[in-house]
Amino acid sequence: MKSYKKALLVAATAMFMSIPAMAEKLRIGTEGAYPPFNLIDNTGAVVGFDIDIAQALCARMGAECSVVTSDWDGIIPALNTRRFDFLVAAMSITEERKQAVDFTDPYITNKLRFVAPKTADFEVDEASLKGKTIGVQRATIAGQWLEDNLGKVVRVRQYDTQENAYLDLATGRIDGVLADNFVQYEWLQSDAGANFEFKGEPVFDDDDFGIAVRKGDPLRERLNKALAEIIEDGTYDEIAAKYFPFSVR
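All of the points below concern the structure found in this document. (Residues numbered from 1 in each chain as written. Predicted model: local features only at pLDDT ≥ 70, side-chain atom pairs only at ≥ 80, totals over all residues. Heavy atoms only, no water.)

**Here's the deal with the overall build of the chain**
The secondary structure content of the chain amounts to 10 helices and 13 strands. For the chain, the spread of C-alpha atoms along the principal axes amounts to about 95 × 35 × 30 Å. Residue burial in the chain is summarised as follows: out of 249 residues, 44% are buried. In the chain, the share of contacts with a sequence separation of at least 24, taken over all contacts with a separation of at least 6, comes to 68%. Here the chain displays about 13100 Å² of accessible surface, and carbon together with sulfur accounts for 52% of that area. Counting 28 positive and 39 negative side-chain charges, the chain places the centres of these two groups 8 Å from one another. (Helix = DSSP H or I, 4+ residues; strand = E, 2+ residues; numbered from the N terminus. Buried < 20%, exposed > 50% of the residue type's maximum accessible area, 1.4 Å probe, protein only. Contact = heavy atoms within 4.5 Å. Areas by Shrake-Rupley, 256 points an atom, 1.4 Å probe, with all protein chains shown as cover. Lys, Arg positive; Asp, Glu negative; His and termini not counted. Charge placed at Lys NZ, Arg CZ, Asp CG, Glu CD.)

Here it is in structure tokens:
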């Protein structure tokens, strides 16, 4: 009887050992409307620099990750109500946002620049901008900077998505757009942006993007470790080279 029980125990142990460990499942939150960082392609898949970086971090952490999209205005509340586990959406690290979420180390360094028609007389100073209508995406660093620094000079028009700001710029409803340097660059390379250009030098260059997690979540340190590893082994640069012909860090 003892031999029989021992055989059963050995068999059960072998069966347990043969079952592959279940991978941790995590959900990546993003907007899906901010190329080249995050966008929905013509197959319905969410793609972009943010997604590639997030999936590289997941692979390094041994996690199986899916992507969840959210409107930009509600993206931090969506994180905090656990619609997803971490947020990678070209989000600037600010003191205000740090009251609601924790951020990882920065994964990209950004600047704000104006874009306007190539034929437009558009100097980046108060006298030249006076009376112009400038588009920005709502709840962004660009919108905040414009209100704080030129709100008494220009008419600020806010949009729910960056794409809608560009649509109004292309049809002449606004005079220019202020947005992140890399997003503006991407649009200028497109057919829609062919008749537009950067105007002046960057107006704000103290802007780092971070990955957001819920306050106190230990996932932050795991993401930081994975981020350092993909930077060290060159994975980060390989991903960046797919999207940008210049350094983004």
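**Quick look at helix H2 (residues 49–61)**
Every α-helical turn comprises 3.6 residues, leaving residues that sit three or four positions apart pointing alike. With 13 residues, H2 extends 18 Å between its outermost C-alpha atoms, agreeing within 8% with the 18 Å of an ideal straight helix rising 1.5 Å per residue. Within H2, burial applies to Phe-49, Asp-50, Ile-51, Ile-53, Ala-54, Ala-56, Leu-57, Cys-58 and Met-61. Gly-62 sits one or two positions beyond H2 and adopts a positive phi of about 75°. (Expected span 1.5 Å × (residues − 1).)

**Regarding the sheet that holds strand S12 (residues 196–209)**
One open sheet accounts for five strands, arranged S10-S9-S11-S8-S12; its pairing is mixed. The open sheet has two edge strands, strand S10 (155–159) and S12, and neither has a second partner. Mean inter-strand twist for the sheet, computed between neighbouring axes without regard to direction, equals 25°. Relative to strand S11 (residues 176–180), strand S8 (residues 108–117) is paired through four bridges, and the arrangement is antiparallel. Bridge pairing in S11 places Phe-114 opposite Leu-178. (Pairing = 2+ DSSP bridges. Axes fitted to C-alpha atoms, helices over the stretch in contact; angles between N-to-C directions.)

**Considering the packing of H2 against helix H9 (residues 219–232)**
With their axes 9 Å apart at the nearest point, H2 and H9 run at an angle of 105° to one another. Taken as axis vectors, H2 and H9 run roughly perpendicular relative to one another. Two secondary-structure elements touch here, H2 through Ile-53, Ala-56, Leu-57, Arg-60 and Met-61 and H9 through Leu-219, Arg-222, Leu-223, Ala-226, Leu-227, Glu-229 and Ile-230. Here the contact of H2 with H9 is composed, by residue class, of nine nonpolar, no polar and three charged. (Parallel < 35°, antiparallel > 145°, perpendicular 65-115°, else oblique. Nonpolar A, V, L, I, M, F, W, Y, C, P; charged D, E, K, R; others polar.)

**Observations regarding the layout of surface pockets**
Considered as a void within the structure, the largest pocket measures approximately 390 Å³ in volume. Considering the residues around the largest pocket, the lining is formed by 18 residues, among which Thr-94, Glu-96, Arg-97, Ala-139 and Thr-140 are closest to the centre. If you list the elements that add at least two residues to the lining of the largest pocket, you get helix H3 (75–80), helix H4 (95–98) and helix H6 (141–150). When residues of the lining of the largest pocket are assigned to their parent elements, the largest contribution, four residues, is made by H6. Of the voids in this model, the second largest pocket is the one considered here, and its volume is about 320 Å³. (1 Å grid on protein atoms, 1.4 Å probe; cavity = no way out; pocket = protein on both sides within 12 Å on 5 of 7 lines; lining within 4 Å. Points joined across faces, edges and corners; volume = space filled by probe spheres on them.)

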